[in-house]
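In case you want the letters, here they are:
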Amino acid sequence: MKSTVLFLTGDLIFASRVRAACETAGKNFAFAGRLPEEPDEDIGWVIVDLSTRNGVVADLMPTVSRICPDASVIAYGPHVQVDRLKKARAAGVPTVLTRGQFDASLSSLFTD
């Protein structure tokens, strides 16, 4: 069972909300600025904050396919940053949400 949520962001304050949701769901929380170089079979979720880590989107899905192919991938950003949301969808990110949608889903997001 995959138990790690890898959160790519630079927003330390919002990261505490995501960490709390992970802990409530019994998942491990990993805060990072980029994806790891080596495969990690324990990563079950990769979450990208488009407001602070938009630069990783172009290579995100190929890298996820290599290091954690079974992970759920979510990108989120402010609803006013429409271009970033569109670019994430165009890059193949399967779930792209506004920050409000992501925040509202935190309580049930990390269920298996």
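Predicted model only: the values in this text are computed from it and were never measured. (Residues numbered from 1 in each chain as written. Predicted model: local features only at pLDDT ≥ 70, side-chain atom pairs only at ≥ 80, totals over all residues. Heavy atoms only, no water.)

S.K.: I tried to follow the pairing of strand β3 (residues 43–49) on my own but got confused; where do I start?
M.R.: Two faces make up the sheet, and in a regular strand the side chains alternate between them. For β3, the buried fraction is high: seven of the seven residues fall into the buried class. Direction of pairing for strand β1 (residues 4–8) relative to β3: parallel, over a ladder of five bridges. Within β3, the position partnered with T4 by the bridge is I43. The pairing of β3 with strand β4 (residues 72–77) spans five bridges and is parallel. Among the inter-strand pairings, V48 is bridged to a residue of β4, identified as A75. (Buried < 20%, exposed > 50% of the residue type's maximum accessible area, 1.4 Å probe, protein only. Helix = DSSP H or I, 4+ residues; strand = E, 2+ residues; numbered from the N terminus. Pairing = 2+ DSSP bridges.)

S.K.: Help me understand the packing of helix α1 (residues 12–24) against helix α5 (residues 99–109) in this model?
M.R.: When two helices pack together, their arrangement is captured by the angle between the axes and the distance separating the axes. Following both chains from N to C, one finds α1 and α5 inclined at 35°, their axes separated by 10 Å at the closest point. As α1 packs across α5, the resulting crossing turns out to be left-handed. Contacts between α1 and α5 involve F14, R17, V18 and A21 from the former and R99, F102, D103 and L106 from the latter. Each residue belonging to the contact of α1 with α5 can be placed in one class, and the counts come to five nonpolar, no polar and three charged. (Axes fitted to C-alpha atoms, helices over the stretch in contact; angles between N-to-C directions. Left-handed = near helix turned anticlockwise from the far one by under 90°. Contact = heavy atoms within 4.5 Å. Nonpolar A, V, L, I, M, F, W, Y, C, P; charged D, E, K, R; others polar.)

S.K.: So what exactly am I meant to see when it comes to the nonpolar core here?
M.R.: Looking at soluble globular proteins, one finds that nonpolar side chains tend to be buried together. Within the largest apolar cluster, 21 residues are counted, with the highest numbers of intra-cluster contacts made by L35, V46, L60 and V93. Ranked by the residues each element gives to this core, the list is headed by helix α3 (residues 57–67), at five residues. Not counting chain neighbours up to four residues away, the residues in contact with L60 comprise L35, V46, V48, V73 and V93. In this structure, V18, Y76, L97 and F102 belong to the second largest nonpolar core, which totals 17 residues. (Core = buried A, V, L, I, M, F, W, Y, C linked by side-chain atoms within 4.5 Å.)

S.K.: Which parts of the structure should I look at to understand the pattern of salt bridges?
M.R.: Two side chains bearing opposite charge may form a pair once their charged atoms approach each other closely. As enumerated under the stated definition, the model contains three salt bridges in all. D11 is the salt-bridge partner of R99, the closest N and O atoms lying 3.2 Å from each other. Here R99 is found in helix α5, whereas its partner D11 is found in the loop between β1 and α1, with 88 residues between them in sequence. Look at R99 and you get partly exposed, because its relative accessible area is 31%. Between R34 and E37 there is a salt bridge whose closest N-O contact spans 3.3 Å. For the pair R34 and E37, a shared accessibility class is recorded, and that class is exposed. (Salt bridge = Lys/Arg side-chain N within 4 Å of Asp/Glu carboxyl O.)

S.K.: What should I look at first to understand the packing of aromatic side chains in this one?
M.R.: Given two aromatic rings, their pairing is described by the distance between the two centres and the angle made by the two planes. Enumeration according to the criterion identifies six aromatic pairs in this entry. Ring centres 6.1 Å apart and planes at 50° place the aromatic pair F7 and F29 in the tilted group. Taken together, the residues F7 in strand β1 and F29 in strand β2 (residues 28–32) connect sequence positions 22 residues apart. With respect to burial, F7 and F29 carry one shared label: buried. Ring centres 5.8 Å apart and planes at 55° place the aromatic pair F14 and Y76 in the tilted group. With F14 in helix α1 and Y76 in strand β4, the pair connects residues that are 62 residues apart, well separated along the chain. The residues F14 and Y76 share a single accessibility class, namely buried. Each member of the aromatic cluster is reached from another via a ring pair, and the members are F7, F14, F29, Y76 and F102. In this structure, R99 packs its charged tip against the face of F14, placed 4.0 Å from the ring centre. (Phe/Tyr/Trp six-rings, centres within 6.5 Å; stacked < 30°, edge-to-face > 60°. Lys NZ or Arg CZ within 6 Å of the ring centre and 35° of its normal.)

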